[in-house]
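This is what each chain is made of:
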Amino acid sequence: MVKPRQISIFCIKVPCFNRSIVILLLGIALCQFAYAKQDTAYRNGMVVSAHPIASQVGIDVLKKGGNAVDAAIAVKFALAVVYPNAGNIGGGGFMVFRSSQNEYAALDFREKAPGMATRDMYLDETGEPVSRLSLDGHLAVGVPGSVDGMVKAHERYGKLLWKDLLQPAVDLARKGFPLTEMQANELNRRKESFKRFNSHGTALINEKADWKAGDLLIQKELAKTMKRIQSKGRRGFYEGKVAKLLVREMKDNGGIISLEDLKNYEAKWREPVANDYRGYHVVSMPPSSSGGIALLSLLKSVEPYPLSHWGFQQDSTVQVMVEAERRVYADRAEHYGDADFYPVPLAGLLDSNYIHARMQDISFERATSSESVSHGKPVGYESEETTHFSVVDKDGNAVAITTTLNNSYGSLVVVKGAGFLLNDEMDDFSMKPGVPNLYGLLGGKANAIEANKRMLSAMTPTIVTKDGKLLMVVGTPGGSTIITSVFQVILNVVDFGMGMQEAVSAPRFHHQWLPDNIQPEKEAIAEDVRARLEAKGYQFVQRGNIGRVDAILVKADGTLEGGADHRGDDTIVGY
Ligand code: DON
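Residues numbered from 1 in each chain as written. Predicted model: local features only at pLDDT ≥ 70, side-chain atom pairs only at ≥ 80, totals over all residues. Heavy atoms only, no water.

**Focus: the site of the ligand**
1) Next: In the region of the ligand, 15 residues are neighbours, and Thr386, Glu425, Asp428, Ala458 and Gly479 sit closest.
2) Next: Separating an oxygen atom of the ligand from a side-chain N or O atom of threonine 386 is a distance of 2.5 Å.
3) Next: Contact between the ligand and glycine 479: an oxygen atom at 2.7 Å from a main-chain N or O atom of the residue.
4) Next: Protein contacts shield 97% of the accessible area of the ligand, which totals 340 Å² for the unbound molecule.
5) Next: Of the residues that constitute the shell around the ligand, the class distribution is five nonpolar, five polar and five charged. (Near = heavy atom within 4 Å. Polar contact = N/O pair within 3.5 Å; in protein donor to acceptor, adjacent residues only side chain to side chain. Areas by Shrake-Rupley, 256 points an atom, 1.4 Å probe, with all protein chains shown as cover. Nonpolar A, V, L, I, M, F, W, Y, C, P; charged D, E, K, R; others polar.)

**Considerations on the packing of aromatic side chains**
Two aromatic rings, taken as a pair, are described by how far apart their centres are and by the angle between their planes.
1) Next: Applying the stated criterion across every chain, the model contains 11 aromatic pairs.
2) Next: Here the aromatic rings of tryptophan 310 and phenylalanine 364 are separated by 5.7 Å at their centres, their planes lie at 65°, and the arrangement is edge-to-face. With a gap of 54 residues between them, tryptophan 310 in helix α13 (residues 307-310) and phenylalanine 364 in the loop between α16 (352-359) and β9 (386-393) connect regions that are remote in the sequence.
3) Next: Ring-pair connections join several aromatic residues into one group, and the members of that group are Phe237, Tyr238, Tyr265 and Phe420.
4) Next: Sitting above the plane of the tryptophan 269 ring, arginine 156 keeps its charged end 3.9 Å from the centroid.
5) Next: Taking NZ or CZ as reference, arginine 234 lies 4.6 Å from the ring centre of tyrosine 238, over its face. (Phe/Tyr/Trp six-rings, centres within 6.5 Å; stacked < 30°, edge-to-face > 60°. Helix = DSSP H or I, 4+ residues; strand = E, 2+ residues; numbered from the N terminus. Lys NZ or Arg CZ within 6 Å of the ring centre and 35° of its normal.)

**Focus on the side chain of glutamine 512**
1) Next: Tracing the chain through its elements places glutamine 512 in the loop between β13 (509-510) and β14 (519-520).
2) Next: Exposure remark for glutamine 512: the relative accessible area of 5% places this residue in the buried category.
3) Next: A polar atom in the side chain of glutamine 512 sits 3.1 Å from the backbone oxygen of tyrosine 439.
4) Next: Apart from residues lying up to four places away in sequence, glutamine 512 is in contact with Tyr329, Tyr439, Gly440, Leu441 and Ser480. (Buried < 20%, exposed > 50% of the residue type's maximum accessible area, 1.4 Å probe, protein only. Contact = heavy atoms within 4.5 Å.)

**Some details on a positive patch on the surface**
1) Next: Side chains of Lys220, Lys224, Lys241 and Lys244 sit close together on the surface and give a patch of like positive charge.
2) Next: For the positive patch, the elements supplying multiple residues, two or more each, are α8 (220-232) and α10 (240-252).
3) Next: Relative to the helices and strands, lysine 220 resides in helix α8.
4) Next: Accessibility expressed as a relative area gives 58% for lysine 220, which makes it exposed. (Patch = residues over 30% accessible without salt bridge, like charges linked within 9 Å, V, L, I, M, F, W, Y side chains within 5 Å. Salt bridge = Lys/Arg side-chain N within 4 Å of Asp/Glu carboxyl O. Lys, Arg positive; Asp, Glu negative; His and termini not counted. Charge placed at Lys NZ, Arg CZ, Asp CG, Glu CD.)

**Side note on the sheet that holds strand β1 (residues 45-49)**
Across a sheet, paired strands are connected by hydrogen bonds in the backbone, their directions being either parallel or antiparallel.
1) Next: Taken in spatial order, the seven strands of this open sheet run β6-β3-β2-β10-β9-β1-β17, and their pairing is antiparallel. Edge positions in the sheet fall to β6 (268-270) and β17 (571-574), since each has one partner strand and no second. Averaged over all adjacent pairs, the angle separating strand axes in this sheet is 15°, with direction ignored.
2) Next: On the sheet, helix α3 (residues 68-82) packs against β1, β2 (92-98), β3 (104-109), β9 and β10 (398-404) and is oriented at approximately 150° with respect to β9.
3) Next: Across the face of the sheet, helix α4 (residues 146-157) comes into contact with β2, β3, β6 and β10 while running at roughly 155° to β3. (Pairing = 2+ DSSP bridges. Axes fitted to C-alpha atoms, helices over the stretch in contact; angles between N-to-C directions.)

**Considering the domain arrangement of the chain**
1) Next: Under the domain assignment used here, the chain contains domain 1 (19-268 + 411-427) and domain 2 (270-385 + 459-574).
2) Next: At the interface, 39 residues of domain 1 touch 39 residues of domain 2.
3) Next: Together, the buried faces of domain 1 and domain 2 total about 3,400 Å²; carbon and sulfur atoms form 60% of this surface.
4) Next: Contact with domain 2 buries surface across domain 1, with Val48, Phe94 and Val96 losing the most and accounting together for 19% of the total.
5) Next: In this assembly, domain 1 and domain 2 are joined by three salt bridges.
6) Next: As a salt-bridge pair, arginine 548 and glutamate 186 come within 3.9 Å of each other at their nearest N and O atoms.
7) Next: Applying the counting criterion to the domain 1 and domain 2 interface returns 15 residue pairs in polar contact (both at pLDDT 80 or more). (Domains from an automatic or database assignment. Buried area = accessible area lost by both parts, 1.4 Å probe.)

**What about α3?**
1) Next: Over its 15 residues, α3 runs 20 Å from end to end, which matches the ideal 21 Å to within 8%, given 1.5 Å per residue.
2) Next: Where burial is concerned, most of α3 is hidden: 15 out of the 15 residues are buried. (Expected span 1.5 Å × (residues − 1).)

**Digging into the packing of α3 against α4**
1) Next: Taken N-terminus to C-terminus, the directions of α3 and α4 make an angle of 160°; their axes are 10 Å apart at the nearest point. As summarised for this structure, α3 and α4 are arranged roughly antiparallel, according to the angle between their axes. The handedness of the crossing between α3 and α4 is left-handed. Within the contact between the two elements, α3 uses Val69, Asp70, Ile73, Lys76 and Phe77 and α4 uses Ser146, Val147, Met150, Ala153, His154 and Tyr157.
2) Next: Residues belonging to the contact of α3 with α4 are distributed by class as follows: seven nonpolar, two polar and two charged. (Parallel < 35°, antiparallel > 145°, perpendicular 65-115°, else oblique. Left-handed = near helix turned anticlockwise from the far one by under 90°.)

**Considering the pattern of salt bridges**
1) Next: Under the counting rule described, the total for this entry stands at 35 salt bridges.
2) Next: A salt bridge links arginine 174 to aspartate 171; the shortest N-O distance between them is 3.5 Å. Taken together, the residues span about one helical turn, with arginine 174 and aspartate 171 both in helix α5 (residues 162-175) at a distance of three residues.
3) Next: Among the residues examined, arginine 174 registers a relative accessible area of 45% and is labelled partly exposed.
4) Next: The closest approach of N and O atoms between lysine 268 and aspartate 340, which form a salt bridge, is 3.0 Å. One end of the pair, lysine 268, is in strand β6; the other, aspartate 340, is in the loop between α14 (315-335) and α15 (346-350), with 72 residues separating them in the sequence.
5) Next: A relative accessible area of 33% places lysine 268 in the partly exposed class.
6) Next: Members of the salt-bridge network, linked through shared partners, are Asp108, Lys268, Arg270, Asp340 and Arg454.

This is the structure we're talking about:
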């Protein structure tokens, strides 16, 4: 299996005038050394995130006596500085938490539609969608939830002081951090788009030349915003100077978020969704994410079948997974939405009899056609960027957080004077039945735009336990592929006996009902398997990388094995 990416810190030229950066790099070099020897077993804690510096920030918090939630908060704010594609304060996300006492909580800090949002706001006079209106620029922005989410997480579980958890983010923004090669390339690619939406300029644009690996990205305005959040908490973002700057940014450019929207935003504690799979207990995110219900439905759909006997990515295994995905994504389009606004039939969707009945008509001779698969009728009807990180502390507290601006760098809008990127999460609503969003996902009434409603997400932060003991913390970015990636990683461990890194590195494939095709990564699904499945009517469309899973496994001897996705700069740090 491919080894996780080794960070390119060693080839970075370190400016000798900046001592703190040198210290940071030395720290990373040391942790890299530790990482290379990770088989020698970490027992005290682990952070796996999309950026080496953010992972190191989290471990430092654990070493200072912070718990997994403290570490997660520090990582979340650090990512908003060092991973601007997706780490954010201008977006939202979800957290699933498991305490050392085996209690669970789920926190929904998803963005909301502004109070002035309307169902048809992205359609022209003829009722057709206006190209990219829900994706680029000011009208694409949902009311951000990340800051209130972290405040609520800290109020309930934090042990260390809020101001100390914010300090690394303040420092990284003020003093700068060295870009990885991947980051430099991505920022260069977006240069013209950033200019288009930020005529005032932004720290993300290098006016003089192209960015290269090792260049320091200094974000002074962002540092000031982080300082305000550090000293004032929630009020430092949703009221006062930062709120005014955000609303000014909106007013000057045709956006609709108001001071009232910001003041009224509240992250919400929710009851996690949970079910058993082959004796393992899987706990995940309820609406406004579709992730948990869809993941649990997929696992229940395949449970009756002998996947481990058939083997990893063998004909029948792939068939059963794809047929389950086809049916679950059809249900998602019809039944899933923000449960505060729409009566999502949660119990009905998760009912084992319902799920097994949905799988009853699958044939091993012939692919079902998605045209012939519609959503089911569950009972009880009353009612390309994201980032995931996983944290485990020495007591067995565990945090899974997936957070996003939606696609890379969100709406591309940086708030003038406040230096942070805003999301384009409004595209996750269904703007019109039959019109797919960026990820090809369809929807209807359940996920139609309404003022103050949360748009449906696929984010699937998930925790798995066995006999009451922590087993795995897992999640990933990837839009519609998030759910199927988490599904595959769990199967890789439970059914195919892989370790954490192997399960994360293993090639993946995706199916989402419509379009009716299997989308394999380069190495996924051997050619002979593919040929036989094609003969049965399955269509294949090759695609690039799927997701960036960052996960932690507690092994039988109690040591921690990280899985950092080689598809990005993702890094394990343990101690
Ligand atoms: O919430 C969602 O489902 C999407 N906004 C996630 C977007 C995403 O994962 C992009 N990453 N590659």
